[in-house]
Amino acid sequence: MWAASCLASCCAACACDACRTVVSGISRRSARIAYCGLFALSLIVSWILREVAAPLMENLPWINHFHRTPNREWFETDAVLRVSLGNFLFFTILSILMIGVKNQRDPRDGLHHGGWMMKIICWFILVILMFFVPNEIISFYESISKFGSGLFLLVQVVLLLDFVHGWNDKWVGYDEQFWYLALFVVSLVCYLVTFIFSGLLFHWFTPSGQDCGLNTFFILTTLILVILFAIVALHPAVGGSILPASVISLYCMYLCYSGLASEPRDYECNGLHKHSKAISTGTLTFGLLTTVLSVVYSAVRAGSSTTLLSPSSSPRGGAGKPLLPLDKADEQEEEKKNKPVTYSYAFFHVIFSLASMYSAMLLTGWSTSVGESGKLVDVGWPSVWVRIITSWATAGLYIWSLVAPILFPGREF
């Protein structure tokens, strides 16, 4: 027994030393990646608790206070939502604390990039505390998460637009026949996949003998938008490229599929209800992958906030100069502290807050708990409309990115 306790103490000490070493190695440049790692850790914890926490939560009286114990799926969903709420509060608090940070002299700049051991401890405490809050709070968080997930999908759209326009500009900038051919081939493949995908949607979600006018409307609207993208992008007045149009077309068709697939399983026009388990696993994996990629990309390409700062040549630029001259090392350190931040810390953490909501919806199938009966509410129409409206918003933002420079030639887009 004594040997076992010594071994446990040694393992705990080694684990603490390892964590301390990793945390101390996080620099300013790697801080954003560290936040991404913490977000990935929250996904792993959510996934694990989704599989193993149900038997434990059944014995917690403040959670399982129903007259009839809910099924296992209810507790799996509840565990994911509680981890997500802790993650959401952690990044929301950081976002509020970081409002107004403009240069590296601000003490909050050090909080954003450092103090990792304390931040990880606070994150764990928040997550644990969420398992002591009433079910009503979790139910309310689940409701607002659907709308927060919609906002995150819009952020994904903006990031996707930024990515495809940058991709297109880079290949066109080479000004070589090979890259023009590659651009054409990628665009052609995206369009082929888009139209094949649309055919599958008609097969899955408009079965013969059923009145599926709404599903037909969703699919036809997406096809019309796909054609409209190409017409606007190739119009001589716009002078756009076919690559962004093809990628956005494929993404809109995927959003249409995602919305149709989230229709209730007992809906006669949802042809996937017989294969719901296999389909949901693939959708979950793809959704989590795109979420992680979107968060990592937002961490790297977070919007610059330097435009909110006064230029270095402004009259206030010398207001903070010391009265006594500094040596060269001190002067370099002073200049380093006066550097403006390169991105908005507050917006950076908002991205993670919204991503926490979105990942929870993916892990729970956009559904949760909880009436007094304790039965799980199935995937329903709110989830469908969130995704369909996101698809339409994607189309609107893309078309706006094409026509805005023409409508407002004096502005930079």
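Residues numbered from 1 in each chain as written. Predicted model: local features only at pLDDT ≥ 70, side-chain atom pairs only at ≥ 80, totals over all residues. Heavy atoms only, no water.

J.: Looking at this structure, I do not really get the overall build of the protein. What am I missing?
T.: Looking only at helices and strands, the protein features 14 helices and zero strands. Looking at the 413 residues of the protein, the share that counts as buried comes to 43%. Within the protein, residue pairs in contact and separated by at least 24 positions form 79% of the contacts whose partners lie at least 6 positions apart. As displayed, the protein offers around 22,200 Å² of accessible surface, 69% of which is attributable to carbon and sulfur atoms. (Helix = DSSP H or I, 4+ residues; strand = E, 2+ residues; numbered from the N terminus. Buried < 20%, exposed > 50% of the residue type's maximum accessible area, 1.4 Å probe, protein only. Contact = heavy atoms within 4.5 Å. Areas by Shrake-Rupley, 256 points an atom, 1.4 Å probe, with all protein chains shown as cover.)

J.: Looking at this model, I keep getting lost on the state of the cysteines. Mind explaining?
T.: In protein chemistry, a disulfide is the covalent bond that joins the sulfur atoms of two cysteines. Applying the stated rule across the entire model yields one disulfide. For C212, the disulfide goes to C269, at an S-S distance of 1.9 Å. For the disulfide bridge between C212 and C269, the dihedral angle about the S-S bond is near -95 degrees, and by the sign convention the bridge is left-handed. Here C212, found in the loop between α8 (177–205) and α9 (213–233), pairs with C269, found in the loop between α10 (242–261) and α11 (276–300); they are 57 residues apart in sequence, far enough to count as distant. Of the two residues examined, C212 and C269, each falls in the buried class. In this model C256 remains outside any disulfide bridge; the closest cysteine sulfur is found in C252, 9.3 Å from its own. (Disulfide = S-S within 2.5 Å.)

J.: Before we go on, may I ask you to explain the side chain of S46 in this structure?
T.: Summarising the element assignment, S46 is placed in helix α2 (residues 31–52). For S46, a relative accessible area of 5% puts it in the buried group. Look past the residues within four positions of S46 in its chain and what remains in contact with it is V80, V83 and L363.

J.: Can you help me understand the pattern of salt bridges in this one?
T.: This structure, assessed with the given rule, holds four salt bridges. As a salt-bridge pair, R82 and D78 come within 2.6 Å of each other at their nearest N and O atoms. Highlighted residues: R82 and D78, both in helix α4 (residues 72–97), separated by four residues, approximately one helical turn. Residues R108 and D106 are paired through a salt bridge, measuring 3.0 Å at the closest nitrogen-oxygen approach. Under the relative-accessibility criterion, R108 is labelled partly exposed at 26%. (Salt bridge = Lys/Arg side-chain N within 4 Å of Asp/Glu carboxyl O.)

J.: Help me understand the nonpolar core, please; the structure alone is not making it clear to me.
T.: Among the nonpolar cores identified, the biggest contains 82 residues, and L201, F229 and Y398 are the most heavily contacted of them. Top element by residues in this core is α10. It accounts for 13 residues. The residues contacting F229, other than those within four sequence positions of it, are A245, I248, S249, C252, A395, Y398 and I399. Residues F88, M130, A360 and M361 belong to the second largest nonpolar core, which totals twelve residues. (Core = buried A, V, L, I, M, F, W, Y, C linked by side-chain atoms within 4.5 Å.)

J.: Honestly, the packing of aromatic side chains in this entry has me stumped. Any pointers?
T.: How two aromatic rings sit relative to each other is given by the distance of their centres and the angle of their planes. Summed over the entire model, instances satisfying the criterion amount to 31 aromatic pairs. With centroids separated by 5.2 Å and ring planes inclined at 35 degrees, the aromatic side chains of F152 and Y358 adopt a geometry described as tilted. With a gap of 206 residues between them, F152 in helix α7 (residues 135–174) and Y358 in helix α13 (residues 345–364) connect regions that are remote in the sequence. Note on accessibility: F152 and Y358 belong to one class, buried. Members of the aromatic cluster, joined through ring pairs, are Y35, F39, F90, F91, W116, F348 and F352. Of note, K119 hangs over the ring of W116, and the distance from its end group to the ring centre comes to 4.0 Å. (Phe/Tyr/Trp six-rings, centres within 6.5 Å; stacked < 30°, edge-to-face > 60°. Lys NZ or Arg CZ within 6 Å of the ring centre and 35° of its normal.)

J.: Looking at this model, I keep getting lost on the confidence of the model for the protein. Mind explaining?
T.: Low pLDDT marks regions whose predicted coordinates should not be analysed in detail. For the protein, the mean per-residue pLDDT works out to 77, and 73% of the residues sit at or above 70. Contacts of residues 303–324 to residues separated by more than four positions or lying in other chains number 18 contacts, the stretch itself having pLDDT below 50. Contacts for the low-pLDDT stretch residues 368–378, under 50 throughout, to residues beyond four places or in other chains number 25 contacts. (pLDDT = per-residue confidence, 0-100.)

J.: Would you mind going over the packing of α9 against α10 with me for this structure?
T.: Two quantities define a packed helix pair, namely the angle between the axes and the distance from one axis to the other. Put simply, α9 and α10 touch, their axes get as near as 9 Å, and they point 170 degrees apart. When the interaxial angle is binned, α9 and α10 end up roughly antiparallel. Where α9 approaches α10, its residues N215, F218, I219, T222, L223, V226, F229, A230 and A233 are matched on the opposing element by I242, A245, I248, S249, C252, M253, C256 and L260. Tallied by class, residues from the contact of α9 with α10 come to 14 nonpolar, three polar and no charged. (Axes fitted to C-alpha atoms, helices over the stretch in contact; angles between N-to-C directions. Parallel < 35°, antiparallel > 145°, perpendicular 65-115°, else oblique. Nonpolar A, V, L, I, M, F, W, Y, C, P; charged D, E, K, R; others polar.)

J.: What's the story with unusual backbone geometry in this structure? I'm lost.
T.: Most peptide bonds are trans, and most residues other than glycine sit at a negative phi. Backbone geometry places D175, a non-glycine residue, at a positive phi of 50 degrees. Looking at where D175 falls in the secondary structure, it is placed in the loop between α7 and α8. Exposure remark for D175: the relative accessible area of 57% places this residue in the exposed category.

J.: Help me understand the environment of T364 in this model?
T.: If you trace the backbone, T364 turns up in helix α13. In this structure the C-alpha to C-alpha distance between T364 and D78, which are 286 residues apart in sequence, comes to 8.7 Å. Apart from the residues lying within four places of it in its own chain, the contact partners of T364 are T77, V80 and L81.

J.: Sorry if this is basic, but what is going on with the environment of A79 here?
T.: For A79, the position within the fold is in helix α4. Of the residues examined, A79 reaches a relative accessible area of 0% and is grouped as buried. Between the C-alpha atoms of A79 and A53, which are 26 residues apart in sequence, the distance is 6.9 Å. Setting aside residues up to four positions removed in sequence, A79 forms contacts with L49, A53, M57 and F131.

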